[in-house]
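Single-letter residue listing:
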Amino acid sequence: MKIEIEWIICLIFIVICAVIDIRKKEIPVIVLALFGGCALFYTMIWGERAWVEILYSLMPGFFLLLLGLCTRESIGYGDGLAVMPVGMLIGWKGCIAAVVGGFLFSAVFSLVLLVGRKAKGKSRIPFLPFLTVGLGVLYIAWKRV
């Protein structure tokens, strides 16, 4: 039952962040802080992971922050900050799988836009909706729903 609660918390917040990302192309710090605080609180009180595993689970988010820094925010800092609590809740393996899935979905979507001439090479699309799809696919795959 605990794993279900972790997924529910994760999916609720990531859907909220994705909707905001689509509408505003940014994620408010207050939403990210609330998400991170809930994830940290849950992990500290009910989580059964060792601190080392929690630190590993933050790495995909740090990677996205570093990627944002290197690409002058082609991928926004909010994306990296949103991925950190996801890692705390579902673990580093699930987080990496969700991020890779999100990248794959966004690449396919971008290719369709480019081929259909609906976007140019420098066009920006929000990443969190694709991360949400990646999380959904991962949940279905893990639970075999």
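In case you missed it, the structure is sitting above this.
Not measured: the values here are computed from a predicted model. (Residues numbered from 1 in each chain as written. Predicted model: local features only at pLDDT ≥ 70, side-chain atom pairs only at ≥ 80, totals over all residues. Heavy atoms only, no water.)

Colleague: I keep staring at the overall build of the protein chain and nothing clicks. Help me out?
Modeller: Within the protein chain, the secondary structure is distributed over six helices and zero strands. Ordered by position from the N terminus, the helices and strands of the protein chain form the series α-α-α-α-α-α. A globule of 145 residues ought to have a C-alpha radius of gyration of about 15 Å, and the protein chain, at 15 Å, matches this closely. Each principal axis of the C-alpha atoms in the protein chain carries an extent, and together these give about 50 × 35 × 25 Å. Restricting to contacts in the protein chain with at least 6 residues of sequence separation, those with at least 24 account for 72%. Total accessible area computed for the protein chain in this model is approximately 8800 Å², and 72% of it derives from carbon and sulfur atoms. (Helix = DSSP H or I, 4+ residues; strand = E, 2+ residues; numbered from the N terminus. Rg over C-alpha atoms; globule rule 2.2 N^0.38 Å. Contact = heavy atoms within 4.5 Å. Areas by Shrake-Rupley, 256 points an atom, 1.4 Å probe, with all protein chains shown as cover.)

Colleague: Would you mind going over the packing of helix α3 (residues 51–70) against helix α4 (residues 77–90) with me for this structure?
Modeller: Helix-helix packing is described using two parameters, namely the angle between the two axes and the distance between the axes. The contact between α3 and α4 brings their axes to 8 Å, and the two run at 170 degrees. Considered as vectors, α3 and α4 are oriented roughly antiparallel to each other. The residues of α4 that touch α3, namely those facing I54, S57, L58, P60, G61, F62, L64, L65, G68 and L69, are Y77, D79, G80, L81, V83, M84, G87 and M88. Here the contact of α3 with α4 is composed, by residue class, of twelve nonpolar, five polar and one charged. (Axes fitted to C-alpha atoms, helices over the stretch in contact; angles between N-to-C directions. Parallel < 35°, antiparallel > 145°, perpendicular 65-115°, else oblique. Nonpolar A, V, L, I, M, F, W, Y, C, P; charged D, E, K, R; others polar.)

Colleague: Can you walk me through the nonpolar core in this structure?
Modeller: For soluble globular proteins, nonpolar side chains are generally found buried alongside one another. In terms of nonpolar packing, the biggest core is built from 35 residues, with I14, V86, L89, I90, L128, L131 and L135 touching the most fellow members. Elements that contribute at least two residues to this core include exactly α1 (2–24), α2 (29–45), α3, α4, α5 (92–115) and α6 (128–143). The dominant element in this core, judged by the number of residues it contributes, is α1, at eight residues. Sequence-distant contacts of I14, defined by excluding residues within four places in its chain, comprise F35, A82, V86, L128, L131, T132 and L135. (Core = buried A, V, L, I, M, F, W, Y, C linked by side-chain atoms within 4.5 Å. Buried < 20%, exposed > 50% of the residue type's maximum accessible area, 1.4 Å probe, protein only.)

Colleague: I'm lost on unusual backbone geometry in this one. Help?
Modeller: Glycine aside, a negative phi is what most residues show, and trans is what most peptide bonds show. Although it is not a glycine, E73 adopts a positive phi angle of roughly 65 degrees. Judged by relative accessible area, E73 falls into the partly exposed class, the value being 35%. Positive phi, normally seen in glycine, also occurs at R117, with a value near 55 degrees. On the secondary structure map, R117 appears in the loop between α5 and α6.

Take it as geometry only, folks, not as evidence of what the structure does.
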